[in-house]
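Reading the structure
Residues per chain, in single letters:
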Amino acid sequence: MAKTMADLLMEEGEQKGERKGELRARQQTLLRQLGRRFGELPPRVVEVIESTEDIEQLDKWLERILAAATFAEMEIGAGASEGEDDR
């Protein structure tokens, strides 16, 4: 059975909604885990995390929490949202 244009648009909307939910969940988890590990976060870091739409980048930061001894080792901040975190 062929899909109608309405069906295709509905599927596209659902996919976008799912991605947005995954993105928000990662952002919230990262903020919560950083806060527990390092205390109150600078507003700029919160802004960078909340504006990051790259799920792979958020996952890298989430993994980095396990090894980072200091907040600086997380490499979140100026330039991080532009993909410059892995130098």
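Okay, so let's go over this structure. Everything numeric here is computed off the predicted structure, so don't read it as measured data.

What about the overall build of the protein chain?
Helices and strands together make up the secondary structure of the protein chain, namely three helices and zero strands. Helices and strands appear in the protein chain in the N-to-C order α-α-α. Residue burial in the protein chain is summarised as follows: out of 87 residues, 26% are buried. On the protein chain, roughly 6200 Å² of surface is accessible, and the fraction owed to carbon and sulfur atoms is 52%.

A closer look at the pattern of salt bridges
Counting across every chain of the model gives two salt bridges. Of the charged contacts in the structure, one is a salt bridge between Arg-44 and Glu-47, with a shortest N-O distance of 3.3 Å. Here Glu-47 and Arg-44 lie together in helix H2 (residues 43-51), a separation of three residues that amounts to about one turn.

Examining unusual backbone geometry
Located in the positive-phi region is Glu-75, a residue other than glycine, with phi close to 55 degrees. Note on Glu-75: relative accessible area 40%, which makes it partly exposed.

The rules behind the values
- Residues numbered from 1 in each chain as written.
- Predicted model: local features only at pLDDT ≥ 70, side-chain atom pairs only at ≥ 80, totals over all residues.
- Heavy atoms only, no water.
- Helix = DSSP H or I, 4+ residues; strand = E, 2+ residues; numbered from the N terminus.
- Buried < 20%, exposed > 50% of the residue type's maximum accessible area, 1.4 Å probe, protein only.
- Areas by Shrake-Rupley, 256 points an atom, 1.4 Å probe, with all protein chains shown as cover.
- Salt bridge = Lys/Arg side-chain N within 4 Å of Asp/Glu carboxyl O.

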